[in-house]
Structures are given as structure tokens and as C-alpha cells.
Amino acid sequence: MKPYRILLYEEMHKVGTEMLAEKAELIYARSLEEDALIEQVADVDALIIRANGSVTARIMDAAPRLKVIGRHGIGVDAIDLQAAKQRSIVVCNTPFANVESVAEQAVGFMIAVSKQIARADKAIRQNRWGVRYEYIGQELYSKILGMVGMGRIGGRVAEICHLAFGMPVIYYDLINYPEVENKLNAKKLPLEEVLKQADYISLHVPLTPSTKGMIGEREFAMMKKGAFFINTARGPIVDETALVDALRSGHLGGAGLDVFAVEPPAKDNPLFQLENVVLTPHMSAHTEEAMIQMSLVAEDVLAVLEGKTPKYRVV
């Protein structure tokens, strides 16, 4: 009989799953609703959560054997960290696992919306060859990149854009990044200045009470007419209604979005009706390479269960 019992909110790559299965009995959530999860956690030693569902204080209280919560990914906004700390439950994540994948997606969005790739793809499938004279794109070369958040992913986006497209980089963050400034000649500015000066704005801040709704009507109004907005961070950081208004009015040139205010979004979400938007279903981290690396949260989960020190402890 295996010594540990681990509840996975969702399936993950077989590399991490097989690692866990060698030492633990694995069970999977029947539902991600809080009450349903509570019914399954009474005898689990660990939880592993991906992008969906949450780990609340109620769930922790229903799991007296719970020692560690593993986050398959980076963001830990769905885990009540204070509750975990109060109950001496370790929380681990995979802070480097999807940096390249998400950064590439953000840059891909910039190219897609600038060159109107999605619109053109749809048109040619409808035998509308003449749109080649209507859909005039924009080059990224030498345009100003504004980063809202310059952490690991933001720094990689800035590096790609600066080195590949010669884009000057300006950024807003609560933290100074002198290495990025020296390497990329990036300039740290107040948020308002980044929004006013940038041709492309890429969002890379965590979702916290202080960042929820930080980009709204006022902030969109500050942006240059024709600017492009990219969000691969979290949907609730943005006032989605204000974003739709800025896109409909033509104030924004376009947007690339991997995340939404509510996920999955409603079928009648107005973003679906806009041609100047490229959308993906919260999948920027879903590359084979990143999925393997995120599944290796298994290493830290097992480390905690075995009384060892995890590599990537959050609390």
C-alpha cells in the first residue's frame, strides 16, 4: 500500500503523474465546486491544482492530513495563501516552467493582431481574396513596447521584442529591474507614462486585490489611438467592458487575449463579435515542453511529504 494519497484537480502530463504514482495513490476531482471537493479531501495528504478551481480555507479544514498544495503553473491567486500559512500547509509552484511558452504567445499575439492574420484567414476561407487590398497591417519593428509587469515572463517578452524587432522597451513595475534595464536599455516609468507612450502594451502582473481591475476605462483612454493590448496574465486585471468599448470605438487597434474576466466566457461575450481581437482559451502555457515542466511540481509535493525542502516554496 502506498504511503500517500494525492488529489489532482485535473489531469497533468504523464511525466509528473508517473512520478507521483510511484509513491502515492492518485485520485481526481469529480467536480471543481467547493462542496464537491470537500467531499473528497478527508484523507488526502496533498492537492495539486491547475488553472481551474480553487483551494479555500473550507477545503483545507476538511483535509486534516493535508501537508502540501502544489500549483501546476505560476499564479497562486486561486489558493488562499493566508489560510495555508495559518494551518502550516506548504504551497509550491513551478515559477519557471511556462515562461518561454507564455512569452512566445504574447509575442505571437502582437504579430497576429498587427498583421490581421485571424481576419485574413477567415476571409480567404470565404473566398474573399480581395481583402489583401483592405487589410493593411503594421510592422512591429521600432515600435515602442510597454510592459506592465517585468517579472520572468515580462522580461522574456521584452527581450524577444527588443532583440528581434528593435523595439524600445518601457515598463511599469513595483520592483526595479536594473539587469533588464542594462541589457535592453529599458526605462522604468509610472504606469500612466507607459500607457501613453507605448504602441504595444503587454500585461504581466499577478492577480491580487491591488491589481484587480487595474486596467479600466481611464487607463484605456490614456493609450495611444491605434495601440495594441495583450493580456496573457489574468482576465480580472482588466475591466473587460471597458476593453470592448475601446476596441469597438477604434481607439485601440486590436487586442490579443488568452484570459477573460470569467472563464470560460459566456457564449454571448461581445469580444467574440470583434474582428480586431485574437482570442485563445487560457492556453498560452500549453506547450509540450511547458506541460512537462509544470507537471514536475510533483517533485516538490513529494519532497514535502517526505520531510524534505521543496525547491519552489511560495508559503
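Not measured: the values here are computed from a predicted model. Residue positions are given per chain, counted from 1 along the sequence in the order it is written. pLDDT decides what is reported in this predicted model: residues at 70 or higher carry local features, side-chain atom pairs at 80 or more are listed and counted, and totals for whole chains, interfaces and linings draw on all residues regardless. The basis for the side-chain values is all heavy atoms of the structure; hydrogens and waters are excluded.

A. Molecular detail of the sheet that holds strand β6 (residues 145-148). Note on pairing: DSSP must find at least two bridges between two strands before they are called paired. A run of H or I in DSSP becomes a helix once it reaches four residues, and a run of E becomes a strand once it reaches two; helices and strands are each numbered from the N terminus. The 7 strands lie next to each other as β8-β7-β6-β9-β10-β11-β12, forming an open sheet whose pairing is parallel. On the outer flanks of this sheet lie β8 (187-188) and β12 (277-279), each paired with one strand and no other. Pairing of strand β11 (residues 252-257) with β12 involves 3 bridges; the strand directions are parallel. By the bridge assignment for β12, Leu-257 is matched with Leu-279. Along the sheet face, helix α5 (residues 99-114) touches β6, β9 (200-203), β10 (227-231), β11 and β12 and points at about 145° away from the line of β10. In this description, contact between two residues means that some pair of their heavy atoms is separated by no more than 4.5 Å. Here the axes come from fitting lines to C-alpha atoms, over the contacting stretch only for helices, and the angles between their N-to-C directions go from 0 to 180 degrees. Against the sheet, helix α11 (residues 240-248) makes contact with β10, β11 and β12, and its axis sits at roughly 135° relative to β11, the strand it touches most.

B. Region of the structure containing the environment of Asp-43. Summarising the element assignment, Asp-43 is placed in the loop between α2 (34-38) and β3 (46-49). Sequence-wise, Asp-43 and Tyr-4 are 39 residues apart; in three dimensions their C-alpha atoms are separated by 9.3 Å. Discounting residues that sit within four places of it in the chain, Asp-43 has contacts with Arg-5 and Arg-65. Under this definition, polar contacts are N or O atom pairs within 3.5 Å; protein pairs additionally need one hydrogen-donor-capable and one acceptor-capable atom, and for neighbouring residues in sequence, both atoms have to be side-chain atoms. Of the polar contacts made by the side chain of Asp-43, one reaches the side chain of Arg-5; its length is 3.0 Å.

C. The arrangement of the packing of aromatic side chains in detail. Whether two aromatic rings pair depends on their centres lying within 6.5 Å, for rings of Phe, Tyr and Trp, where Trp uses its six-membered ring; planes under 30 degrees apart make the pair stacked, over 60 edge-to-face, and the rest tilted. The tally for this structure, following the rule as stated, stands at 4 aromatic pairs. Here Phe-220 and Phe-229 contribute two aromatic rings whose centre-to-centre distance is 5.3 Å and whose plane-to-plane angle is 80°, an arrangement assigned as edge-to-face. Burial status follows relative accessibility: with a 1.4 Å probe on protein chains alone, a residue under 20% of its type maximum counts as buried, one over 50% as exposed, and anything between as partly exposed. With a relative accessible area of 2%, Phe-220 lands in the buried category. When the NZ atom of lysine or the CZ atom of arginine is within 6 Å of a ring's centre and also within 35 degrees of its normal, the charge is said to sit over that ring. Sitting over the ring of Tyr-135, Arg-119 keeps its end group 3.9 Å from the ring centre. A cation over an aromatic ring shows up here: Arg-132 above the ring of Tyr-133, its NZ or CZ 4.9 Å from the ring centre.

D. Structural view of the pairing of β9. Covered by surrounding structure in β9 are Tyr-200 and Ser-202 together with Ile-201 and Leu-203, the residues of both alternating faces. For β6 and β9, the ladder comprises 4 bridges, and the chain directions are parallel. Across the sheet, residue Val-148 finds its bridge partner in β9, namely Leu-203. As defined by bridge partners, β9 adjoins β10 across 4 bridges and the pair is classed as parallel.

E. Molecular detail of the sheet that holds strand β2 (residues 24-28). If you walk across this open sheet you meet the 5 strands as β2-β1-β3-β4-β5, and the pairing is parallel. Where the open sheet ends on each side, the last strands, each with one partner, are β2 and β5 (90-92). Between one strand axis and the next, the sheet turns through 20° on average, direction left out of account. For β3 and strand β4 (residues 68-71), the ladder comprises 4 bridges, and the chain directions are parallel. By the bridge assignment for β4, Ile-49 is matched with Arg-71. Those strands touched by helix α1 (residues 14-21) are β1 (4-8), β2 and β3, and its axis lies near 130° from that of β2. Against the sheet, helix α13 (residues 297-305) makes contact with β1, β3, β4 and β5, and its axis sits at roughly 170° relative to β4, the strand it touches most.

F. Structural view of the nonpolar core. We define a nonpolar core as any set of buried Ala, Val, Leu, Ile, Met, Phe, Trp, Tyr and Cys residues linked to one another through side-chain atoms lying within 4.5 Å. By size, the foremost hydrophobic cluster in this structure holds 33 residues, and its most contacted members are Met-110, Leu-145, Met-147 and Val-157. With 9 residues, α5 is the largest single contributor of residues to this core. In contact with Met-147, not counting residues within four places along its chain, are Gly-154, Val-157, Ala-158, Val-169, Ile-170, Tyr-171, Tyr-172, Val-194, Ser-202 and His-204.

G. Expanded view of α11. Within α11 the residues assigned to the buried category are Glu-240, Ala-242, Leu-243, Val-244, Ala-246 and Leu-247. Along its buried surface, α11 packs onto α10 (217-222), β10, β11 and β12. A positive phi of about 85° marks Gly-250, the residue just after α11.

H. Summary view of unusual backbone geometry. In this structure, the amide linkage connecting Glu-263 to the following residue, Pro-264, adopts the cis form with an omega of -5°. Relative to the elements of secondary structure, Pro-264 occurs in the loop between β11 and β12. In this structure, Gln-116 is a non-glycine residue whose phi angle is positive, near 55°. Along the chain, the position of Gln-116 falls in the loop between α5 and α6 (117-125). Phi is positive for Asn-127, close to 65°, though the residue is something other than glycine. The exposed category is assigned to Asn-127, whose relative accessible area is 71%.

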